[in-house]
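One letter stands for each residue in the lines below.
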Amino acid sequence: MALQPLIAPSILSADFARLGEQIAEAEQNGAAWIHIDVMDGHFVPPVTMGQVVVEACRRATTLPLDVHLMVEDPDKMLESFADAGADHIHVHYEASPDLNASLARIRELGCKAGVAINPATPASAITDSLPHADIVLVMSVNPGYSGQTFISEVLPKVSELSEMIAEADLPTAIEIDGGIDAETLPSALAAGVQVFVAGSSVYSHKQGIAAGMQALRNAALQGAH
Ligand code: DX5
Ligand code: ZN
């Protein structure tokens, strides 16, 4: 799906008082997708954003909105997030009672279907779901918060998924989420990741969003050679 490394800034670390501007700045500096972290206070402790924020983002950008549902039993929300303007919807393996049905429903709604897996979940858990998924979202931190340390132990799992996808001749993209910065990106790229979610390394970068995006783009270019 993704032929060159793509950067998907996570607005969880953005300044919500200036959300539209913060999305525009990421877009002007090479963002490919905008990643939106939806948390329900059950699957993970925080409550973050819902459909109204997705609608607001939809008005702020034409980039694909990459909606990561960290919610228990996501099925009842799929349609409303699609209606709000989501382009990609990720559901967690750990939170979905009938994962393949959820993925099929997401596609039926006209969105790309993503399956997200926690750091402790093995690649083998989703073997049967790969044909139903356009994207696998490998969590490289335990979901819930921005700014956590990258768990490099997930990299062999990325390589394993990459091989499984190639062997089955599937177009499924691998996206990684958590602790991605200019230092960690190259190792994930080498393992087979195509899409890099980045929250704090973009929105909390000391020199600002443009510098954060530039550092990630440079890391992706260097890693690709
Ligand atoms: C964590 C979220 C991430 C988070 C990433 O549960 O899914 O998308 O915003 O933030 P960083 O890049 O700071 O780890
Ligand atoms: Zn996320």
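Residues numbered from 1 in each chain as written. Chains lettered and ligands numbered in written order. Predicted model: local features only at pLDDT ≥ 70, side-chain atom pairs only at ≥ 80, totals over all residues. Heavy atoms only, no water.

Trainee: Could you clarify how one ought to interpret the sheet that holds strand E2 (residues 34-39) in this entry?
Mentor: What links the strands of a sheet is backbone hydrogen bonding, and the strands pair in either a parallel or an antiparallel sense. The parallel open sheet is built from eight strands, whose spatial order is E1-E8-E7-E6-E5-E4-E3-E2. Lying at the two open borders of the sheet, with one neighbouring strand each, are strand E1 (6-9) and E2. The average angle at which neighbouring strand axes cross in this sheet is 25°, direction not considered. The pairing of strand E7 (residues 173-177) with strand E8 (residues 195-198) spans three bridges and is parallel. Looking across to E8, one finds that glutamate 175 is bridged to valine 195. Docked against the sheet, helix H4 (residues 99-108) engages strand E4 (88-92) and strand E5 (112-117), running at close to 150° with respect to E5. Sheet strands touched by helix H5 (residues 155-167): E5, strand E6 (135-139) and E7. Its angle to E7, the strand with the most contacts, is close to 165°. (Pairing = 2+ DSSP bridges. Helix = DSSP H or I, 4+ residues; strand = E, 2+ residues; numbered from the N terminus. Axes fitted to C-alpha atoms, helices over the stretch in contact; angles between N-to-C directions. Contact = heavy atoms within 4.5 Å.)

Trainee: Got a minute to help me understand the packing of helix H1 (residues 19-28) against helix H2 (residues 51-60) in this structure?
Mentor: It is the contact of H1 with H2, at a shortest axis distance of 9 Å, that shows an interaxial angle of 50°. What the angle tells us is that H1 and H2 run oblique. Regarding H1 and H2, the two cross each other, and that crossing is right-handed. For the pair H1 and H2, the contacting residues are Leu19, Gly20, Ile23 and Glu27 in the first and Val53, Cys57 and Ala60 in the second. Among the residues forming the contact of H1 with H2, the class breakdown is five nonpolar, one polar and one charged. (Parallel < 35°, antiparallel > 145°, perpendicular 65-115°, else oblique. Left-handed = near helix turned anticlockwise from the far one by under 90°. Nonpolar A, V, L, I, M, F, W, Y, C, P; charged D, E, K, R; others polar.)

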